[in-house]
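Below, each chain spelled out in residue letters.
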Amino acid sequence: VYKRQVNGLCKRVMESLTNVPSLQHLSLDFRWCNKLTDEGCNDVALLLNHFSTTLTHLTLYFKSANYNITDKGYRSLGEVIAKCSILSQLELNFWINESISDSGVISLADGISSLPQLTNLAIYFNSCPQLTDKSVESILFSLQNTPALTQLSLALRNEQFSDAPFVSHSPFLRRLIHLKKLHLKWYPKSDDANCEMMKTIASLSSLSHLFIDYSKSNITDTMMKSMCMILRPLITLSSLQLDLSWNGNISDEGVIALSNLLSELIHLTSLSLNLSCLRGNERISDVGVTHLVNSIQSLHHLSSLSLWPVSYTH
């Protein structure tokens, strides 16, 4: 739905789908639909409620800077999500959303807490200026009630978020003993917070695919060394993605630490590194790059490699 009047639309869609009682996969995209209000959210809730006993996959995109949705509208969504008794895959995308507040996120987190059968969860919050640490706490806290998760994507990136909730609530991730794939996108502001999160990740013994997005996070050599040292026990990883784009604080020291980590991950079959931090960075010399190349060459099981952009040489 793009730039249209949608209030009431979902109600009409629901009426047209009454002859499809076994709908299992539903994706609703309201990107840039600036006229969406609580009325529209209530219609979405009615639609979800109609299929609450059949839905297994649900995706909701609420990406707009100009929604007129209050906490009441988001609360109605959280309440009906909690009723989706066989839902196994859920994606909530609130990218560039100026209407959602902590109360709205807490309502959605309460809904997630009522879904112990979830196996795949993706939550994206970025550029949501009303959100505070309370939102991060509620999302991380809800994970203790989703023990069946095998895939988790978390993008919790707002400049106003502090490290405190990641330090205090990251242990809830340790309960996800079946987790195989993790995608984490965040802004660690201190080495202590980064270490705490990495310790949590390193404790996930079933993890085989890891994607850490540090883009625009001002990662330092100290943070890189801590991350690489703590993640060494994850020798069973088969896939690693690391995004270090727009990080100008890394020197040879950080690159060598990364190289040493890669040398330990001998079972890697897929490696993706965004190393645009190397471009124009006078703190990284041939020494660091040589260590990195040698470590990659030692990965004898590697079948997929993506490096971007190591060089602009034509």
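Each residue is numbered by its place in its chain's sequence as written, counting from 1. For a predicted model such as this one, the threshold for reporting local features is a pLDDT of at least 70, and the threshold for listing and counting side-chain atom pairs is 80 or more; totals across whole chains, interfaces and linings nevertheless cover every residue. As a rule here, side-chain values cover all heavy atoms of the structure and leave hydrogens and water aside.

Some thoughts on the overall build of the chain
For helices the rule is a DSSP run of H or I covering at least 4 residues; for strands it is a run of E covering at least 2, with both sets numbered from the N terminus onward. Summing up its helical and strand segments, the chain has 10 helices and 10 strands in all. We take the radius of gyration over the C-alpha atoms and set the globule estimate at 2.2 Å times the residue count to the 0.38 power. In terms of C-alpha radius of gyration, the chain reaches 21 Å, essentially the compact-globule figure of 20 Å for 314 residues. Dimensions of the chain along its principal axes, counting C-alpha atoms only, are 65 × 40 × 35 Å. Between buried and exposed lies partly exposed: a residue is buried under 20% and exposed over 50% of the maximum accessible area for its type, with that area taken using a 1.4 Å probe on protein chains only. A buried classification covers 54% of the 314 residues belonging to the chain.

Section: the pairing of strand S7 (residues 209–213)
The buried fraction of S7 is high, at 4 of 5 residues. Where strand S6 (residues 181–186) lies against S7, 5 bridges are found, and the strand directions are parallel. Pairing of Lys185 across the sheet is with Asp213, part of S7. By the criterion used throughout, a crossover qualifies as right-handed when its path from the first strand across the helix to the second strand runs clockwise, the strands pointing away from the viewer. Note that the unit made of S6, helix H7 (residues 191–202) and S7 has a crossover that is right-handed. Strands were regarded as paired on the criterion that DSSP finds at least two bridges between them. Where S7 and strand S8 (residues 239–243) come together, 5 bridges link them in parallel fashion. Bridging from a neighbouring strand, Leu210 pairs with Leu240 of S8. In the classification by handedness, the crossover that spans S7, the intervening helix H8 (residues 221–230) and the parallel S8 is right-handed.

A word on the pairing of strand S4 (residues 120–126)
Of all 7 residues making up S4, 7 are buried, and the element is well covered by its neighbours. With burial as the criterion, each face of S4 is covered, one bearing Asn120, Ala122, Tyr124 and Asn126 and the other bearing Leu121, Ile123 and Phe125. Of the strand pairs in this sheet, strand S3 (residues 89–95) and S4 are connected by 7 bridges, and their pairing is parallel. Opposite Leu90, over in S4, you have Leu121 as the bridge partner. Traced from S3 through helix H4 (residues 102–113) to S4, the parallel crossover comes out right-handed.

Quick look at the packing of aromatic side chains
Side-chain rings of Phe, Tyr and Trp (the six-membered ring for Trp) are treated as a pair once their centres are within 6.5 Å; stacked means planes under 30 degrees apart, edge-to-face means over 60, and tilted covers the remaining angles. Per the counting criterion, the structure on display carries 8 aromatic pairs. Through a chain of ring-to-ring contacts, the aromatic side chains of Phe30, Phe62, Tyr74, Phe94 and Phe125 assemble into a single cluster.

Some details on helix H2 (residues 38–50)
A helix is expected to span 1.5 Å multiplied by its residue count minus one. The end-to-end C-alpha separation of H2 is 18 Å, in line with the 18 Å expected for 13 residues at 1.5 Å each. Burial in H2 covers these residues: Asp38, Gly40, Cys41, Asp43, Val44, Ala45, Leu47 and Leu48.

Considering the packing of H2 against helix H3 (residues 71–81)
The packing of two helices is summarised by the inter-axis angle and the distance between the axes. At their nearest, the axes of H2 and H3 sit 8 Å apart, and the two run at 5° to each other. Classified by the interaxial angle, the pair formed by H2 and H3 is roughly parallel. In this structure, H2 uses Asp38, Cys41, Asn42, Val44, Ala45, Leu48 and Asn49 to contact H3, whose residues at the interface are Lys72, Gly73, Ser76, Leu77 and Val80. In the scheme used here, Gly and all other residues not listed as nonpolar or charged are polar, with Ala, Val, Leu, Ile, Met, Phe, Trp, Tyr, Cys and Pro taken as nonpolar and Asp, Glu, Lys and Arg as charged. Tallied by class, residues from the contact of H2 with H3 come to 6 nonpolar, 4 polar and 2 charged. Every axis in this analysis is a line fitted to C-alpha atoms, fitted for helices over the stretch in contact. Angles between the N-to-C directions lie between 0 and 180 degrees. We call two directions roughly parallel when the angle between them is under 35 degrees, roughly antiparallel when it is over 145, roughly perpendicular when it lies between 65 and 115, and oblique otherwise. Contacts between residues were defined by any pair of non-hydrogen atoms, one from each residue, lying within 4.5 Å.

Points about the sheet that holds strand S1 (residues 25–29)
Strand order in the open sheet formed by 10 strands is S1-S2-S3-S4-S5-S6-S7-S8-S9-S10, with parallel pairing between adjacent strands. At either margin of the open sheet sits one strand with a lone partner, and together these are S1 and strand S10 (304–308). Recorded for the sheet is a direction-independent mean angle of 5° between the axes of neighbouring strands. In this structure, strand S2 (residues 57–61) lies alongside S3, joined through 5 bridges in parallel fashion. Residue pairing for S3: Thr59 is matched across the bridge by Glu91.

Section: the nonpolar core
Within the largest apolar cluster, 94 residues are counted, with the highest numbers of intra-cluster contacts made by Phe62, Leu90, Phe125, Leu152, Ile201, Leu210 and Leu231. Among the elements that line this core, the one with the most residues is H7, at 6 residues. Those residues in contact with Phe125, other than ones at most four positions away along the chain, are Phe94, Ile100, Val105, Leu131, Ile139, Ala155, Leu156 and Arg157. To define a nonpolar core, start from buried Ala, Val, Leu, Ile, Met, Phe, Trp, Tyr and Cys residues and group those joined through side-chain atoms within 4.5 Å.

Overview of the environment of Ser238
Assignment of secondary structure puts Ser238 in the loop between H8 and S8. A residue is classified by how much of its surface remains accessible, and Ser238, at 19% relative accessible area, is buried. As a C-alpha pair, Ser238 and His301 span 63 residues in sequence and 9.2 Å in three-dimensional space.

Such coordinate-based values are descriptive only and should not be taken to indicate function.
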